[in-house]
Amino acid sequence: MARWRQRLLSSACSSSSSSAAAPQALLRLASSALSRQSSSRGFAAAPDDTTPFVVDIPVPYAGHRCDPPEQRVETSAKELVDFFKVMYVMRRMEIAADSLYKAKFIRGFCHLYDGQEAVCVGMEAALTKEDAIITAYRDHCTHIGRGGTVLEVMAELMGRKSGCSLGKGGSMHMYNKEGNFYGGNGIVGAQTALGAGLAFAQKYNKQNAVSLALYGDGAANQGQLFEAMNISALWDLPVIFVCENNHYGMGTAEWRSAKSPEYYKRGDYVPGLKIDGMDVLAVKQGVRFAKEHALTKGPIVLEMDTYRYHGHSMSDPGSTYRTREEISGVRQERDPIERVRKLLLAKEIVTVADLKNLEKQAKAEVDEAVNQAKEGGQPETHELFTHVHVKGLKQLAYGPDRKEVIVPLP
Amino acid sequence: MAAAGAALAPIIENRLLLPPNAGRIRCSSSARGALVVRGAALSEESRKNRSSALKAVAVKGEAPNLTTAKSGHEILLFDALREGLEEEMARDPTVCVIGEDVGHYGGSYKVTKGLAEKFGDLRVLDTPICENSFTGMGIGAAMTGLRTVVEGMNMGFLLLAYNQISNNAGMLHYTSGGQFKIPIVIRGPGGVGKQLGAEHSQRLESYFQSVPGLQMVACSTPYNAKGLMKAAIRSDNPVILYEHVLLYNLKERIPDEEYVLCLEEAELVRPGKDVTILTYSRMRHFVLQAAKTLVERGYDPEIIDIRSLKPFDLFTIGNSIKKTHKVLIVEECMRTGGIGASLRAAIVDNFWDFLDGRPECLSSQDVPTPYAATLEDATVVQPAQIVVKVEQMCQGLV
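Note that the structure is predicted; figures quoted are calculated from it, not measured. (Residues numbered from 1 in each chain as written. Chains lettered and ligands numbered in written order. Predicted model: local features only at pLDDT ≥ 70, side-chain atom pairs only at ≥ 80, totals over all residues. Heavy atoms only, no water.)

Some remarks on the UniProt feature "domain: Dehydrogenase E1 component" (unreviewed entry) in chain A
The residues that UniProt annotates with the feature "domain: Dehydrogenase E1 component" (unreviewed entry) are residues 87–380 of chain A. For residues 87–380 of chain A, the end-to-end C-alpha separation is 34 Å, with 46% helix and 11% strand making up the annotated structure. (UniProt positions renumbered as here; feature names shortened; annotations may be inferred. Helix = DSSP H or I, 4+ residues; strand = E, 2+ residues; numbered from the N terminus.)

A short note on the nonpolar core
Counting residues in hydrophobic clusters, the biggest one holds 78 residues, and the most contacted among them are A:Phe200, B:Ile306 and B:Ile347. Core analysis: the next-biggest nonpolar cluster, separate from the first, contains 77 residues, A:Phe53, A:Ala282, A:Met314 and A:Val370 among them. (Core = buried A, V, L, I, M, F, W, Y, C linked by side-chain atoms within 4.5 Å. Buried < 20%, exposed > 50% of the residue type's maximum accessible area, 1.4 Å probe, protein only.)

Regarding the sheet that holds strand E3 (residues 124–126) of chain B
All names here are of chain B. Read across the open sheet, the 7 strands follow the order E3-E2-E4-E5-E7-E6-E12; overall the sheet is mixed. If you trace the sheet from one side to the other, it starts and ends with E3 and strand E12 (308–310), each paired once. Neighbour-to-neighbour, the strand axes of this sheet turn through a mean angle of 20°, independent of strand direction. As judged from the 4 bridges shared by strand E6 (residues 215–218) and strand E7 (residues 239–244), these two strands associate in the parallel manner. Bridge pairing in E7 links Gln 215 to Val 239. (Pairing = 2+ DSSP bridges. Axes fitted to C-alpha atoms, helices over the stretch in contact; angles between N-to-C directions.)

With respect to the interface of chain B and chain A
Facing the 60 residues of chain B at the interface are 50 residues of chain A. Ranking the residues of chain B by area buried against chain A places B:Met137, B:Tyr174 and B:Gln179 at the top, with a combined share of 15%. Summed over the shared surface of chain B and chain A, the result is 0 salt bridges. Between the two partners, chain B and chain A, sit 15 residue pairs in polar contact (both at pLDDT 80 or more). If you list the elements that add at least two residues to the side of chain B that touches chain A, you get strand E2 (95–99), E3, helix H6 (131–144), helix H7 (162–170), helix H8 (172–175), helix H10 (222–234) and helix H12 (314–324) of chain B. Broken down by element, the residue count for the side of chain B that touches chain A peaks at 10 residues, all from H6(B). Taken together, the residues of the side of chain B that touches chain A sort by class into 28 nonpolar, 21 polar and 11 charged. (Contact = heavy atoms within 4.5 Å. Buried area = accessible area lost by both parts, 1.4 Å probe. Salt bridge = Lys/Arg side-chain N within 4 Å of Asp/Glu carboxyl O. Polar contact = N/O pair within 3.5 Å; in protein donor to acceptor, adjacent residues only side chain to side chain. Nonpolar A, V, L, I, M, F, W, Y, C, P; charged D, E, K, R; others polar.)

Topic: the domain arrangement of chain B
Residues and elements named next belong to chain B. Domain boundaries assigned for chain B yield domain 1 (72–255) and domain 2 (267–395). A separation of 26 Å is found between the C-alpha centroids of domain 1 and domain 2. Regarding the contact of domain 1 and domain 2, the summed buried area is about 2300 Å², with carbon and sulfur atoms giving 52% of it. If you sort the residues of domain 1 by the area they bury against domain 2, Gln 195, Arg 203 and Gln 209 come out on top, with a joint share of 27%. For the pair domain 1 and domain 2, the interface holds 0 salt bridges. Mapped onto the side of domain 1 that touches domain 2, the elements with two or more residues apiece are helix H9 (205–208), E6, H10 and E7. Looking at which element gives the most residues to the side of domain 1 that touches domain 2, the answer is E6, with 4 residues. (Domains from an automatic or database assignment.)

A few points about the side chain of A:Ser165
Structurally, A:Ser165 can be placed in the loop between helix H6 (150–157) and helix H7 (190–204). Using a relative accessible area of 0% as the deciding quantity, one classes A:Ser165 as buried. If we ignore the near neighbours within four places in the chain, the residues touching A:Ser165 are A:Glu156, A:His173, A:Met174, A:Tyr175, B:Thr175, B:Ser176 and B:Gly177.

Examining the packing of helix H3 (residues 77–102) of chain A against helix H12 (residues 336–346) of chain A
Residues and elements named next belong to chain A. Relative to each other, H3 and H12 sit at 150°, their axes nearing to 10 Å. Viewed along their axes, H3 and H12 adopt a mutual orientation that is roughly antiparallel. For H3 against H12, the interelement crossing comes out left-handed. The segment H3 lies against H12, with Leu 80, Val 81, Phe 84, Met 87, Tyr 88 and Arg 91 engaging Pro 336, Ile 337, Val 340, Arg 341, Leu 343 and Leu 344. (Parallel < 35°, antiparallel > 145°, perpendicular 65-115°, else oblique. Left-handed = near helix turned anticlockwise from the far one by under 90°.)

Describing the domain arrangement of chain A
Segmentation of chain A into domains returns domain 1 (2–41), domain 2 (53–375) and domain 3 (385–410). Domain 2 of chain A and domain 3 of chain A are separated by 39 Å when their C-alpha centres are compared.

Some points on the sheet that holds strand E13 (residues 327–334) of chain B
Residue and element names in this part refer to chain B. The sheet built from 5 strands is open, its strands ordered E9-E11-E10-E13-E14 with mixed pairing. Either end of the sheet is taken by a strand with one partner, and the two such strands are strand E9 (267–270) and strand E14 (360–364). Between one strand and the next, the sheet's axes are offset by a mean angle of 25°, whatever the strand orientation. Together, strand E10 (275–279), E13 and E14 form the strand contacts of helix H13 (residues 339–351), whose direction differs from that of E13 by roughly 150°.

Here is the structure:
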């Protein structure tokens, strides 16, 4: 067990080398103010520079029935700055959610994603909006990655009508149809079957896109996951099963719940890849590799070795089944935002002051969203009965004293 | 009276003389045994058919005069389902079928026979035995816009997919704030069969009825089977279509023309004025059998096949109760927590003032269905019991 704890803290930050290659997909939240500032300075790379260079990935990939990708990935200054900004916004958002929960603005279940930001941000860098993502209940940041706004998330958490699900879903039910984000699922493991369905539809409609079904180390023991893997492999569905392994299924550590905690190998005949989930560039490379695989050869399992700083949810202190030293150890050694910060500073893309500026902007953005969300109204009472059914062919939602609702045949 | 009593026999066949898209036609309401449905405008064709319908029911034993109808083909219920499914698949390329042995095997009850050859393996998908995940897969695909038809080889197997059906099919439209709709049809045979054993004789309408967001319909004749199948596929809501293991070989003549029925509508099978009998699926045929005896003894039951199990067609049901003031529900669900239990509550809530006595309910016993034939017969409601109950109700003994 001590050795297992040691594994969690391993992998130090890397130094980087530079080279060149083609640019990659960029994230939305670029900071224009920053680029204006830096054009006056003669740095190695300006923060909005899209010239690609190559960075080494320190933690080696581990492949199962496949050759892992290269331990180096192309990125650019702009992409790194975008990574930093969006991960920092996500981090602030989750911390704001923590305080709002304690202040009883958010009720019920609230599962926070801080520590795991690199997974969803790195994924987005390798995907397009045609690709579909479905995840479990730790979905606030995934929703942002798919194009949602912090205001939508905050309002939904507080149950206001300006929320992404009109206040009717809550923390565990955030969806974004334009962004092909299918939620937001409360029941552990059920989303893997839905993910296979998304991939089935993509294959049926001959779209050149993949579906990512995210699940946790706890869900990795669900039978329906293996059913979904079997049918995906059988029909070559373009699905990527992503296990966000934060090593704890609520209060149960992985070595206490899984006979084999090598989750990337548990697909058996489905190839797998283990990725350092705290390194956003490693995630980007890994997901790009997986997308290629899914489109040409069939499903693949990715295991993201990641960590959550908060407990399972806000009702879990998170310290009864792990030590505070472990949590702070991981935060010191492997924090995803710190890693990008060090990289940015090492490559002299930004100064410390610039980063402080970015952080301030992010905090302001989140605070603004929180305030706006707090001002949002509760859903109207009649919304209780809306969206139970779709108003379609001869269909209405009835109360017990309904009148004649016969609609003529088409 | 004899004529009227005997006229009940060809009731099923007479249904077909109505052209499919006449909307609704009002026949003479005083004609005993005539097929009366709530009215709308009459078309010329429907007038002709109405008179032939009246003629046909009036005489016992005479073969129904179908030459005037000039349409229709005889079909078994499973084939009617298949026809409906095939027509919808030909009409809309997003309709696909997912289930065990639906493709190459042709379906364990032949509902999907020939479809895989016609539409290909991807549209008629043979799955491994994993109800939970293939139902989930069907729901995931439906979220993107595909109109999936998920077949449970037996409805009881879909208990393994309860989570998917309840949380993901029923609730997703609501929890996503209306962003995603789930146009899925979940269908399969259920109900008590002929000595199939407890686990293969389940009535799942009992368990799914309280899931919000789901719609449930039960077919009982080839005519309504095809119509409900088509309507369910076209609906944007998740619909569960309950078929019955013992009704697949029911034969009827159905129209050649295309027709789609209304999912929320109940079917008036036999008009009457003494008592309202509400039933669905296989029990409809038991009720009709009992009705023969009842009519001979001078009673005039109004028989309604409720068809729509969720939501109930309280309009049709209420109008009937307002007329007869007595209601008997005959169902195959168990006494506890069945459709009858909910329907009784709905009737009491809404039509209390119109009732002469409590709404009666004949349901199956609260036991796992036994294998032995005599015990199995004792588990479900039999026509003799229906006769006794109606007599008691009409004589004021209950």
